[in-house]
Structures are given as structure tokens and as C-alpha cells.
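The residues making up each chain are set out below.
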Amino acid sequence: MADQIVSQFGRLGYDVDRDEVIKRLKLLVLEFKVPEGEAVRTVRNWVIKEYEIPREKVISESPLVKIEEIKKPGEWVSLKAKVVQLWDSSSPSVSQVGLVGDETGIIKFVIWAKSGKGEVEEGKSYLFKNVVTDSFQGRMQINIGRTSEIVEIDEEVPSPREIEIVGALVSIQQNSGLIQRCGSCHRVMTKGICPIHGKVRGYDDLRVKGVLDDGDNFYEIILNEDNIRDLTGIDLNKAKRIASERLDRNAVLSELKKLLLGRYYKVVGVRGGRYLLVRKVDRIGGVEGSEVDRLLEVLA
Amino acid sequence: MNFRKREVARRVFAYELNRSTYRFPKEDEKSPTYVLTPLGMRVNRVYFVGALLDKDEIKPDSGIWRIRVSDPTSAVYGYVSRFQPDALESLMEIDVPELVAVVGKVRNFEVGARIFVSLRPEYVSPVESDVRDYWVYETARQTIDRIRAMEKKEDDDCKLAWQIYNPNLNEYRQMVKQALLSLKEGFVVEGEEGEEIEFEEEFEFEEEEWDLSDILKD
């Protein structure tokens, strides 16, 4: 434990008194029965104060990793990644949430409102410095907090490999159809209320949040207005017309369910945890006779 | 937080599904129900495409509807009630016969000494024939994979399936073949050469005699 601390600061160019570190650790662990992790943290903080080490120096200590290497929660890391998708934040304590990717994969990120960090943009690459890994509902994510840093970088981080999934749309979730988004933050509003800005003027949008299932796995997908128009012929204007004719915004959702549910689609996109980020979606129109023959041969 | 992963919707022909009489013991009150198919697959939810042949309210004003949906191998029964509002709503708009896609949970229940398998649909949606064609193809492919796994006898669920059902794999190969042949143009069921699989006898029963609450609710 002590050597870990001494070498950590040694690499930063500080010659820390090893005996003093051992003495303090012993006191905390043996005398006060403090857990090891807490003791190390306390001694580390003492060293930083004692030797007047600037905070930035300590922060730059967290190692640069690739997304596929992030497997354990509670580790401090830095990574270069591209913002692949921004989601609607459902909580006022979260400033931004979405997915970032590099060539090895995709991971969810959360920028806490308390961190006071600037907003990131979809499609841009950043160096995320000193972020902490976390696990939420069994999947890994990174949290950007007060001591983290987000630096936009010029180099373009490569995108992860695209995959193609053929599956049936087995479920369409409730917050789909003709929805309203907040005029200032684009978050989805419920009953005219934005989770951040309260009662504000919103604008209409069309989307489907659904589950594509291939019999072995399922993927949550989000279809945007373009995807929906290509598949059903319903665009935003037509959706508004349906809603006003039937005096019910939910009529759009029922209509989309009728047209989309239970059919097969081929989706091309990037896999991020259980999500599939859709770039292209096509309806599957039956099966080739040659494919059927191939299976019949297997059986013969 | 106790987070449970969504269950994948499996692809199973009615012939295999109707024989899936073994139910795994529940780990706790809230854990999902799984049945084991004769080809060693653990199933909770299925995605099924076939012809909706009947829809009947089991008793006047009971609000419980029995449906019968058939793929090229057999028919499977399902029960829809007010506990499945989406399925009930769409079912009311459908006239039989109609090609439908059903996503639902598999339930089995005992009547006397017999165990029946049924579906509890989450939705029933009219679909086009190309959806049925792809479903038959895809289900055939995945069934062939299961037959192969049964040949290898490595997987624990396969071993259990051998122990419980001791299936005749040729019977299942024949079933898949018949399903695939139904996709070929000009296919006629009668007069086909080769062995025809024997379909099980139709079973008839009166639902009033037993309690359906178990298969309708969670």
C-alpha cells in the first residue's frame, strides 16, 4: 500500500517520505480500523496537501484506456472517444447522458449537472480525463464529475464496427409515436413538462423506441422520423394530421404499432450494450427460395 | 435494485411447443417461468407467426378469449383476457381466419393427468404473408441448430431434455422439412411422397371446469 502511494507520487516528481506514509497508514488501518481503500485515499489526500501538489497533476495520473478495457466499476480512467448518441436525460441532476465510442466499443456516459462541465456534441471527439467507471443495471458506464475534464480534440476517433441484425420488432415502448421535445434542451417532455425546464413550449417529433429480437438476443432500437417515414409512409405532418383528426396524440402510436409490430427488419448499426444504434433500417420481404433449399439439403 | 433482463422471444414450431410439458421449478416468487422444449431449449417468451383460426369467448361475458393459431406443423392455443389489454384490443379488430404475429409468454397447465401448453399473448397483430414465410424459414433454421445441439448432448438443458422427453430426432427433422416444403411454390400437402408426420389428435376440453387465473396473470 505504502509503496503504491510513494511510487505514484514519485512518477509525478515528488519524493514522498515513505516512513511517514507507513506510519499514517498503520494508524488508520490498525488503530482506527479504517478500510484499506479509505486509508489509502486519506493518506493520498494528506500527501497532496503536505507537498502542495497541484490538483491537475494528480488528475492526469488516471491511465488512458480503450472502451473494451473498462470492465470494473470504481476505477479512474481517461479515454479518447467520440460522442455517438445523446439521449434524453430524465433527471435534473444529469446534465447530459448518451453513448461514446471508440474503435473497440461503445459505453454509456453520464455528465452530472453538479460537475459544471460544458456540453458535448454528437459526432465530435473528446478526451475524457479522469472519469470514474461505474456499473448500472449490470452494464458499465462512465461518470463525469467535478474532478473530470472534457477536452475537445482535433483527431477523429474511429467508430466501432457496424453490425447487421435481422430480427422481429416484438415491442414498441410507451414514449413512442408523436412526442414533444423541449425547445431549449430537446429532451422528451411528458404532459407538456420538460424534466429540466418545467412547463415550456415544446415542438413535435416522431420516434419509435422498440425492441428488435432475433431469437437469441434482443436490441433496443430508436427509429427517427426518417426511418419511420421510409417504413410506414407516415411523416411528422401526417402524424399531426392523424392526431388532430382523432383528437388524440396516442392515435399515432396505435397506428405505428399496427404497421410495425410483428414484422421483420434488417437493421445496420453499432452495438452498444443492449442498444443498437440504427443507421439504416429495411423491411424484410420474405425469404429466397435458394435459402429454403439450402436448409432442406442440410436436413437430407 | 433488482433488475431483471428482458426475456428473448424464442422461435419454436407449434409441434415442438405443444410437447414442452416440463416446467422448471421457480427460484423465487418473482422469477420468470421457463418451460423446456423436447429439443432442449428453455423458453419463457415466444414470437409466433401463423393463421389465427378461431377466437371464441370461453363463456359469454367472461371477457376471456381462447384463440387457436396454426403454423405449418400444428396449432397452438392461447388465452387473452383484460390482463393483456393490448392483445385484447387488437384481437377484437381481427376477423378469422387471418395471418397473425403473436408475442407471448408460454404457460402450461394441468388438466387431470395431461399437461397442456398455451400462450398468453402480449399482442396479436395481423401481418403479411412474407412475414410468415420468413418466420417459417428462421424457425426452421433455429430448430435445426437445436437438433444439432441435441446430437452433441453437451449442453445441460439438452441432457435434461434427453432425460425427460427422449425425443426421436428424426421426427423433428421431418417436421422441419414439412414446414420448409410448405414455402415451396405449388406445394400440396396431400399426395406428398415420403413419411408424413403423425399429428397429435385434437384435444377438446371445457374451460369452465378449471381455474384459468394462473395462465392469465403474472
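Residues numbered from 1 in each chain as written. Chains lettered and ligands numbered in written order. Predicted model: local features only at pLDDT ≥ 70, side-chain atom pairs only at ≥ 80, totals over all residues.

Peer 1: Please give an account of the overall build of chain A that cites residues and values.
Peer 2: Of the regular secondary structure elements, chain A holds 8 helices and 15 strands. Evaluated residue by residue, chain A yields a buried proportion of 31% over its 300 residues. Partitioning the intrachain contacts of chain A with sequence separation of at least 6 by distance along the chain shows that 57% fall at a separation of at least 24. (Helix = DSSP H or I, 4+ residues; strand = E, 2+ residues; numbered from the N terminus. Buried ≥ 20, exposed ≤ 12 C-beta atoms within 10 Å, placed from the backbone. Contact = placed C-beta atoms within 7 Å.)

Peer 1: Quick one: what's the story with the nonpolar core, residue by residue and with numbers?
Peer 2: Judged by nonpolar contacts, the single largest core of 103 residues is most densely connected at Leu212(A) and Val46(B). With 6 residues, helix 3 (residues 129-152) of chain B is the single largest residue contributor to this core. Formed jointly, this core draws a minimum of three residues from each of two domains, domain 2 (67-152) and domain 3 (163-289) of chain A. Sequence-distant contacts of Val46(B), that is, excluding residues within four places in its chain, are made with Ala9(B), Arg10(B), Val12(B), Leu17(B), Gly104(B), Val106(B) and Leu119(B). Counting residues in hydrophobic clusters, the runner-up holds 7 residues, among them Ile5(A), Val21(A), Ala39(A) and Val43(A). (Core = buried A, V, L, I, M, F, W, Y, C linked by C-beta atoms within 7 Å. Domains from an automatic or database assignment.)

Peer 1: Could you give an account of the sheet that holds strand 4 (residues 42-43) of chain B, with specific residues and numbers?
Peer 2: Spatial strand order, 2-3-4 (chain B): 3 strands in an open sheet with antiparallel pairing. Where the open sheet ends on each side, the last strands, each with one partner, are strand 2 (22-23) and strand 4 of chain B. (Pairing = 2+ DSSP bridges.)

Peer 1: Talk me through the interface of chain B and chain A; I want residue IDs and the actual numbers.
Peer 2: Counting from both sides, the interface comprises 28 residues of chain B and, opposite them, 25 residues of chain A. Those elements that place two or more of their residues in the side of chain B that touches chain A are strand 1 (9-10), strand 8 (98-111), strand 9 (114-126), helix 3 and helix 5 (169-181) of chain B. Ranked by residue count, the leading element in the side of chain B that touches chain A is helix 3 of chain B, at 10 residues. A class-by-class count of the residues in the side of chain B that touches chain A yields 16 nonpolar, 2 polar and 10 charged. (Nonpolar A, V, L, I, M, F, W, Y, C, P; charged D, E, K, R; others polar.)

Peer 1: Describe the domain arrangement of chain A, with residues and values.
Peer 2: All names here are of chain A. Domain boundaries in chain A define domain 1 (2-59), domain 2 (67-152) and domain 3 (163-289). For domain 2 versus domain 3, the distance between C-alpha centres works out to 25 Å. With 12 residues of domain 2 in contact, the opposing surface of domain 3 contributes 8 residues. Within the residue set of the side of domain 2 that touches domain 3, elements represented by two or more residues are strand 1 (76-86), strand 2 (94-102) and strand 3 (105-112). Broken down by class, the residue content of the side of domain 2 that touches domain 3 amounts to 4 nonpolar, 5 polar and 3 charged.

Peer 1: Any details on the pairing of strand 12 (residues 202-213) of chain A? Residues and values, ideally.
Peer 2: For a regular strand, the rule is simple: side chains alternate between the two faces of the sheet. Residue and element names in this part refer to chain A. Where strand 7 (residues 163-172) meets strand 12, 4 bridges bridge the pair, whose relative direction is antiparallel. Among the inter-strand pairings, Leu169 is bridged to a residue of strand 12, identified as Leu212. Pairing between strand 8 (residues 177-182) and strand 12: 6 bridges, direction antiparallel. Paired with Gln180 across the two strands is Asp204, which belongs to strand 12. Direction of pairing for strand 12 relative to strand 13 (residues 218-223): antiparallel, over a ladder of 6 bridges. Paired with Asp213 across the two strands is Phe218, which belongs to strand 13. What sits between the antiparallel neighbours strand 12 and strand 13 is a turn of 4 residues, in which Gly215 has the positive phi angle 95°.

Peer 1: How would you summarise unusual backbone geometry if you had to cite specific residues and measurements?
Peer 2: In terms of backbone geometry, most residues other than glycine have negative phi values and most peptide bonds are trans. Here Val96(B) and Pro97(B) are connected by a cis peptide whose omega angle stands at -10°. Among the structural elements, Pro97(B) can be located in the loop between helix 2 (85-92) and strand 8. Within the chain, Glu52(A) stands out as a residue other than glycine whose phi angle is a positive 50°. Mapped onto the secondary structure, Glu52(A) falls in the loop between helix 3 (36-50) and helix 4 (55-59). If you check the backbone angles, Asn130(A) has positive phi at about 55° while not being a glycine.

Peer 1: An account of the pairing of strand 5 (residues 45-57) of chain B is requested, with residue identities and associated values reported.
Peer 2: All names here are of chain B. Two elements, strand 1 and strand 5, share 2 bridges in a ladder whose sense is parallel. Directly across from Ala9, in strand 5, lies its bridge partner Arg45. The pairing of strand 5 with strand 8 spans 8 bridges and is antiparallel. Residue pairing for strand 8: Val49 is matched across the bridge by Ala101.

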